[in-house]
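Structure at a glance
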Amino acid sequence: MEIIDYSSKYDNDIKDLLVELQEHIVKIDKEKYNILTDDYREKYFEKTMSEVDKFEGKIFLAIEGEKAIGLIVGLINNEEENTYDFSAPKRGRVTELIVSKNCRSNGVGKQLLNEMEKYFKKVGCLGILIDVFAYNTHAQKFYYKNGYFNRNIEVMKKI
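We now turn to the structure provided with this report. These numbers come from a predicted model, not from an experiment. (Residues numbered from 1 in each chain as written. Predicted model: local features only at pLDDT ≥ 70, side-chain atom pairs only at ≥ 80, totals over all residues. Heavy atoms only, no water.)

As judged from the four bridges shared by strand S6 (residues 91-99) and strand S7 (residues 127-130), these two strands associate in the parallel manner. Following the sheet pairing, Arg 91 is matched in S7 by Gly 127. Note on the crossover from S6 through helix H3 (residues 108-122) to S7: the handedness is right-handed. (Pairing = 2+ DSSP bridges. Helix = DSSP H or I, 4+ residues; strand = E, 2+ residues; numbered from the N terminus. Right-handed = clockwise from strand over helix to strand, strands pointing away.)

Take a look at the structure:
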């Protein structure tokens, strides 16, 4: 297994991974707000690629044989921010980290995360933000194990 920069050669694998993650999110969503539409595969891929272009983004792929078995997407969508009530350094944001379910627990996610952290450091980021779906407890444990912590928590009530 090797980690490489994005290559369009793997676009179909990337789309498959994005769909696999969304299927998982739909399955664990207790409120059933998350859905998987017929056009999700193409639309979400287009959105992701557009954000990568717009926000100094980077995609790294985990390749095994001739197949992408994992990916991470990182964006830099903010500069250093200083206002009357908030001061934060330049930060990167991981928007996607997916390892195919048949390849998990082998260190692939950690290698992808390490590669993105190196990229963020290289471009001057001093922090990394990652949103994790509350019901995705496996992902939360993975991030905590890798030094991440809760900074903001959003709460919800159905009415």
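Each α-helix turn comprises 3.6 residues. Residues three or four places apart therefore point the same way. Spanning 15 residues, H3 covers 21 Å between terminal C-alpha atoms, matching the ideal 21 Å at 1.5 Å per step. Listed as buried for H3 are Val 108, Gly 109, Leu 112, Leu 113, Met 116, Glu 117, Tyr 119 and Phe 120. Contact partners of the buried residues in H3: strand S1 (2-5), strand S2 (58-64), strand S3 (67-75), S6, S7 and helix H4 (137-145). (Expected span 1.5 Å × (residues − 1). Buried < 20%, exposed > 50% of the residue type's maximum accessible area, 1.4 Å probe, protein only. Contact = heavy atoms within 4.5 Å.)

Within the element layout of this structure, Ile 69 appears in strand S3. Judged by relative accessible area, which is 6%, Ile 69 ranks as buried. Sequence separation between Ile 69 and Lys 101 is 32 residues; the distance between their C-alpha atoms is 8.9 Å. Those residues in contact with Ile 69, other than ones at most four positions away along the chain, are Met 1, Leu 17, Ala 62, Glu 64, Ile 98, Val 99, Ser 100, Cys 103 and Val 108.

Here we have five strands laid out as an open sheet, ordered S1-S2-S3-S6-S7, and mixed in their pairing. Edge positions in the open sheet fall to S1 and S7, since each of these has one partner strand only. Neighbour-to-neighbour, the strand axes of the sheet open up by a mean angle of 30°, direction not taken into account. Sitting on the sheet, helix H2 (residues 40-54) touches S2, S3 and S6, and the angle it makes with S3 is about 50°. (Axes fitted to C-alpha atoms, helices over the stretch in contact; angles between N-to-C directions.)

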